Amino acid sequence: MIPVKTIQDTIRSFDGKLSQDGFSALCMAIYEARLYQPFVPQMKVIKINIAPKLHKSATATAKALERAVYDLCTTADKTVLASYQRSWTYEPPKPKEFVFTMAQILWDGVDRSGPAAG
């Protein structure tokens, strides 16, 4: 399993603007989703599991994730976004799509992004 720092470094590589709360929520959600790979849990399970660590309710956690994904994807380097999912350069993904896509990519440290993926 790859270290948590790899998740943090990956999110920072987007070069987008995120609050500290948003950054923490996003990293925790990706980490939690990665634990379930290769399966995809319900997003509510992820939110329930990380909410206590964020000292927030599940509802506040959901809002923090929505805001974080939107902020990150609207301010990020478009080339980096496209290297993970081309459609993200046109429309910010929903938190579930972003979290689970990043969890799958970071699941075992194998880079599945880019043209050589497959």
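All figures in this text were calculated on a predicted structure; none of them were measured in a lab.

Peer 1: I tried to follow the packing of aromatic side chains on my own but got confused; where do I start?
Peer 2: By convention here, two paired aromatic rings are described through the distance between centres and the angle between planes. Within this structure, the stated rule accounts for three aromatic pairs. Ring centres of W88 and F98 lie 5.0 Å apart, and the angle between their planes is 35°; this geometry places the pair in the tilted category. Here W88 is found in the loop between α5 (78-84) and α6 (95-106), whereas its partner F98 is found in helix α6, with 10 residues between them in sequence. Taken individually, W88 and F98 each receive the classification buried, so the pair is uniform in this respect. An aromatic cluster is present here, built from F14, Y84, W88 and F98 joined pairwise through their rings.

Peer 1: When you look at the pattern of salt bridges in this model, what are you seeing that I'm missing?
Peer 2: Pairs can form between side chains of opposite charge once their charged atoms are near each other. Under the defined criterion, the tally for this structure stands at four salt bridges. Between K5 and D9 there is a salt bridge, with the nearest N and O atoms lying 2.9 Å from each other. In this pair, K5 and D9 are both assigned in helix α1 (residues 4-13), four residues apart and thus about one turn of the helix distant. Looking at K5, the relative accessible area reads 51%, which means it is exposed. On the basis of relative accessibility, which here comes to 35%, the residue D9 falls in the partly exposed class. The shortest N-O distance in the salt bridge between K56 and D21 comes to 3.9 Å.

Peer 1: Quick question: what am I supposed to make of the nonpolar core here?
Peer 2: Buried together is how nonpolar side chains tend to be arranged in soluble globular proteins. Counting residues in hydrophobic clusters, the biggest one holds 32 residues, and the most contacted among them are I11, F14, L26, I30, F98, V99 and M102. Elements supplying a minimum of two residues to this core: α1, α2 (20-35), α3 (43-54), α4 (58-75), α5 and α6. Not counting residues within four places of it along the chain, the set of residues in contact with L26 comprises I11, L18, L65, A68, V69, L72, F98 and V99.

Peer 1: I would appreciate a short explanation of α3 in the present structure.
Peer 2: Side chains three or four residues apart in an α-helix point the same way, a direct result of the helix having 3.6 residues per turn. An ideal rise of 1.5 Å per residue puts 16 Å on 12 residues; α3 measures up with 16 Å between its terminal C-alpha atoms. Within α3, the full set of buried residues consists of M43, I46, I50, A51 and L54. Projected onto a plane normal to the axis of α3, the buried residues spread over an arc of 130° and lie on a single side. Across from the buried face of α3, at angles greater than 90 degrees, the exposed residues are K44, I48 and P52. The first or second residue beyond α3 is H55, which carries a positive phi of 60°.

Peer 1: Is there a simple way to think about the side chain of T10 in this case?
Peer 2: Mapped onto the secondary structure, T10 falls in helix α1. On the accessibility criterion, T10 (10% relative accessible area) is buried. In this view, T10 contacts Y84, M102 and L106; residues no more than four positions away in its chain are not counted.

How each quantity is defined
- Residues numbered from 1 in each chain as written.
- Predicted model: local features only at pLDDT ≥ 70, side-chain atom pairs only at ≥ 80, totals over all residues.
- Heavy atoms only, no water.
- Phe/Tyr/Trp six-rings, centres within 6.5 Å; stacked < 30°, edge-to-face > 60°.
- Helix = DSSP H or I, 4+ residues; strand = E, 2+ residues; numbered from the N terminus.
- Buried < 20%, exposed > 50% of the residue type's maximum accessible area, 1.4 Å probe, protein only.
- Salt bridge = Lys/Arg side-chain N within 4 Å of Asp/Glu carboxyl O.
- Core = buried A, V, L, I, M, F, W, Y, C linked by side-chain atoms within 4.5 Å.
- Contact = heavy atoms within 4.5 Å.
- Expected span 1.5 Å × (residues − 1).
- Arc of directions from axis to C-beta.

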